[in-house]
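# A look at the structure
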Amino acid sequence: MSEGKGGSPAATKAQASAPRSIPARVSKRPGGAAGSFGRSPHSFSLEDENHFSRLSVSPGDLATGTAVDLESFHVGQLWRDTGIALVGNGDFSIRLHCQRQSSVSNDEAELVLRVGRGGALHVLEEGHCIIGLVAQRHVTKKNKAYLVPDHCMCLVRDPKPVLISCGVAALRRTSSGANEIVLKRGCNSGAFVAVKQRLHVFLSSLASHGRAKVTVDELTASIGLWCDFELDLVSDMSETSMRCLFGSGSKQQLFRESWSSLFATQPPNLSILQDLQERAEREQASRRGGKGKTSEDQIRPWTLPKGNFSHVGSGPFEKPTECAARELKAETGMEWPASQLGQALYVDVLRPDSPLAMERFFLWRDDALVTPNTGEATGDKQWRWFTFEEAAKRSQTAKRLLESDQVQKAMKNS
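Presented here is an overview of the structure given in this document.

Attention now moves to the overall build of the chain. In terms of helices and strands, the chain carries twelve helices and 17 strands. The buried share among the 414 residues of the chain stands at 49%. Taken as a whole, the chain presents about 19200 Å² of accessible surface, with 48% of it coming from carbon and sulfur.

Taken as a whole, this structure holds zero disulfides when the rule is applied. A disulfide-free cysteine, cysteine 98 has its sulfur positioned 10.0 Å from the sulfur of cysteine 152, the nearest such atom. Residue classification places cysteine 152 among the buried positions, given a relative accessible area of 0%.

Two side chains with opposite charge may pair up if their charged atoms get near one another. In the structure shown here, the tally under the stated rule is 21 salt bridges. Where lysine 160 meets aspartate 158, a salt bridge forms, and the shortest distance between an N and an O atom there is 3.8 Å. Classification of aspartate 158 by relative accessible area gives buried; the value is 2%. Linking arginine 287 and glutamate 283 is a salt bridge whose minimum nitrogen-to-oxygen distance equals 3.0 Å. With arginine 287 and glutamate 283 both in helix 6 (residues 271–288), this residue pair falls four residues apart, about one helical turn. One salt-bridge network, held together by shared partners, links Lys306, Arg351, Asp353 and Glu359.

Bringing the pairing of strand 3 (residues 84–89) into the picture now. Of all six residues in strand 3, six are buried, a share of seventy percent or more. Every second residue of strand 3 is oriented toward a common face, with Ile84, Leu86 and Gly88 on one face and Ala85, Val87 and Asn89 on the other, all of them buried. Sheet topology note: the strand 3/strand 4 (residues 92–97) ladder contains six bridges and is antiparallel. Note that in strand 4 the partner of asparagine 89 across the bridge is phenylalanine 92.

Along helix 4 (residues 228–236), the residues that are buried comprise Glu230, Leu231, Leu233, Val234 and Ser235. Of the residues trailing helix 4, methionine 237 is marked for its positive phi of about 45 degrees.

Quick look at the nonpolar core now. Membership of the largest hydrophobic core comes to 26 residues, with the highest contact counts inside it found for Leu199, Phe202 and Leu203. Counting only elements with at least two residues in this core, the list comes to helix 2 (190–209), helix 3 (216–219), helix 4, helix 5 (239–245) and helix 6. In terms of residue count, the dominant contributor to this core is helix 2 (seven residues). If you look at the next biggest cluster of nonpolar residues, it comprises 24 residues, including Val75, Leu124, Ile130 and Phe317.

Once that is clear, we can look at the pairing of strand 6 (residues 109–114). The side chains of a regular strand alternate between both faces of the sheet. When you tally the buried positions in strand 6, you get five out of six residues, the bulk of the element. Note: strand 5 (residues 99–102) against strand 6, four bridges, orientation antiparallel. Paired with glutamine 101 across the strands is glutamate 110, a residue of strand 6. Looking at chain direction, strand 6 and strand 7 (residues 121–123) are connected through three bridges and run antiparallel. In the strand pairing of strand 7, valine 112 is matched with valine 123. In sequence, strand 6 turns back onto strand 7 through a hairpin of six residues, with glycine 116 there showing a positive phi of about 85 degrees.

Parameters at a glance
Residues numbered from 1 in each chain as written. Predicted model: local features only at pLDDT ≥ 70, side-chain atom pairs only at ≥ 80, totals over all residues. Heavy atoms only, no water. Helix = DSSP H or I, 4+ residues; strand = E, 2+ residues; numbered from the N terminus. Buried < 20%, exposed > 50% of the residue type's maximum accessible area, 1.4 Å probe, protein only. Areas by Shrake-Rupley, 256 points an atom, 1.4 Å probe, with all protein chains shown as cover. Disulfide = S-S within 2.5 Å. Salt bridge = Lys/Arg side-chain N within 4 Å of Asp/Glu carboxyl O. Pairing = 2+ DSSP bridges. Core = buried A, V, L, I, M, F, W, Y, C linked by side-chain atoms within 4.5 Å.

Function cannot be read off these values alone, since they describe shape.
Here it is as structure tokens:
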């Protein structure tokens, strides 16, 4: 990629095992002859205009249902609750909306992909390389892009890091000589983001066929890290509280009218809902008694402004600079044009909880950024300036980024 001037990742990349040989594919390669993919699958590159022509999509074309036929995608992360796989390579990713099926080994859903036209469904795993993906590209009214797969040629085990999100590390040196960086956090607890997704699946399955696909133990595994108001809404366990909890967010997470029957009585007459309600009440009582009190920074952790590739950019898919600029504005209100990001240094950091998921941060140093350090709120996010030392204590990602040579270079006196 020519975007940015990066260096080696700040974390050691996951070991990649060599893929087994792949059957020949009888089709023309862009600019080449038909033949086998061999033992080194070609990765899709945003700079490869031949690949863009294969998509039959002109830059800025927002048509939905466009056919996509790409040679290879690596699987970087799976969101099993929502049926989404983040697939791509070291410079790009996109959401692949997959079929879900029940796992034979545990209660967690599996994502599956059809191998071969009309072939069998195979379980998708992090570290897979999807060869010969045939899919449709869809674009929502909010200009978000995703793929819906039809089938692929084959799956091989070839674990390689995938760039799943991009952001901006806004840096400055104050008049007193202190080096500072911007961190943000959500107004909701970090733990409840995944809980909310599971709770939506939980209530939907109860309303549709009377049994839950998610257990109460799974829902409450991180209850000690919920915000007080999240506990209040779950402990109330009424139609009103659930409408408040699911009053915003993606279309897949809004309140469903079919849930109303679950709360026809108060308290709800389903024992599984009563169990969830009682656990929330016990946690409330524990906190009032001063037991198990968790710090605000643990409940709502600080991190760098970033987000996943999800929108249409200047071409069929969003570029790293476009993703980073969009997320910076959405989470802090600050604007840095994507055109300027292309000349910036950047740092790639592997997520500690997902060894194949990589995040890229473009470094923006501007000592004229004098916004008051008051913890400003933008939408459902809060952000503020921290000294490098403070930021390293509050965020492991920030700590690893600040230790990189690129940051040291950016902060050298001009």
